[in-house]
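So the chains spell out like this:
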Amino acid sequence: RHPSIIINAVDNSGKTALRHAVDYNYVHAVRELLEKPEIEWENTARDGKNPFRRALEIGNQEIINLFVEFFRKDPAINIFETFAEHSASGEEDL
């Protein structure tokens, strides 16, 4: 753990460390990042997708399950609304 790393920093494509971890199926990194209280899981990259949407698109069930567990721990997140928002975006079925 490095104290000077800003976990929600974005690169030129608007992607955070969490989004890159999802893109490359780095399950351990996704787990570690979702355990950070300051993680911003809703950050949308320039491609219009946040890490959760991308996880659904890729279909890595282990990563999707990590997000589901993350959502369950936060009473401010309505998991049903979250899934509905991401499935009703007009993109192909996830």
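Residues numbered from 1 in each chain as written. Predicted model: local features only at pLDDT ≥ 70, side-chain atom pairs only at ≥ 80, totals over all residues. Heavy atoms only, no water.

## Some details on the pattern of salt bridges
No. 1: By the definition in use, this model includes eight salt bridges.
No. 2: Of the charged contacts, one joins E62 and R31 as a salt bridge, the two residues approaching to 3.7 Å between their closest N and O atoms. Of this pair, E62 sits in helix α4 (residues 61–73) while R31 is found in helix α2 (residues 27–34), placing the two residues 31 residues apart along the sequence.
No. 3: On the accessibility criterion, E62 (44% relative accessible area) is partly exposed.
No. 4: Taking the relative accessible area as the measure of exposure, R31 reaches 31% and is therefore partly exposed.
No. 5: Residues joined by salt bridges that share partners form a network here, namely K15, R19, D23, D47, K49, R54 and E57. (Salt bridge = Lys/Arg side-chain N within 4 Å of Asp/Glu carboxyl O. Helix = DSSP H or I, 4+ residues; strand = E, 2+ residues; numbered from the N terminus. Buried < 20%, exposed > 50% of the residue type's maximum accessible area, 1.4 Å probe, protein only.)

## Considering the nonpolar core
Nonpolar side chains in soluble globular proteins tend to be buried together.
No. 1: Grouped together as the largest cluster of nonpolar side chains are 22 residues, with contacts concentrated most on L18, V30, W41, F67 and F71.
No. 2: Looking at this core, the elements that each hand over two or more residues are α1 (17–23), α2, α3 (51–58) and α4.
No. 3: Sort the elements by how many residues they give to this core and α4 lands first, with seven residues.
No. 4: If we skip the residues at most four places from it in the chain, F67 touches L18, V22, V30, L34, W41, P51, F52 and A55. (Core = buried A, V, L, I, M, F, W, Y, C linked by side-chain atoms within 4.5 Å. Contact = heavy atoms within 4.5 Å.)

## Thoughts on the environment of N12
No. 1: The residue N12 is located in the segment before α1 in this model.
No. 2: Separated by 33 residues in sequence, N12 and A45 have C-alpha atoms that sit 9.2 Å apart.

## What about α3?
No. 1: Residues of α3 that are buried: P51, F52, R53, A55 and L56.
No. 2: Trailing α3 by a residue or two, G59 shows a phi angle of about 85 degrees, which is positive.

## Remarks on unusual backbone geometry
Apart from glycine, the bulk of residues carry a negative phi angle, and the bulk of peptide bonds sit in the trans form.
No. 1: Positive phi outside glycine occurs at N25, with the angle close to 55 degrees.
No. 2: Relative to the helices and strands, N25 is located in the loop between α1 and α2.

## Thoughts on α4
No. 1: Across its 13 residues, α4 extends 18 Å between first and last C-alpha, which sits within 8% of the 18 Å expected from 1.5 Å per residue.
No. 2: Those residues of α4 that sit buried are I63, I64, L66, F67, V68, F70 and F71.
No. 3: Regarding α4, its N-cap is N60, as a side-chain oxygen of that residue lies 3.0 Å from the backbone nitrogen of E62 further along. (Expected span 1.5 Å × (residues − 1). Polar contact = N/O pair within 3.5 Å; in protein donor to acceptor, adjacent residues only side chain to side chain.)

## Side note on the confidence of the model for the chain
No. 1: Here the chain averages 86 in pLDDT, and 81% of its residues register 70 or above.
No. 2: Within the chain, the element-level pLDDT minimum falls on helix α5 (residues 79–87), averaging 67, and the maximum on α1, averaging 98. (pLDDT = per-residue confidence, 0-100.)

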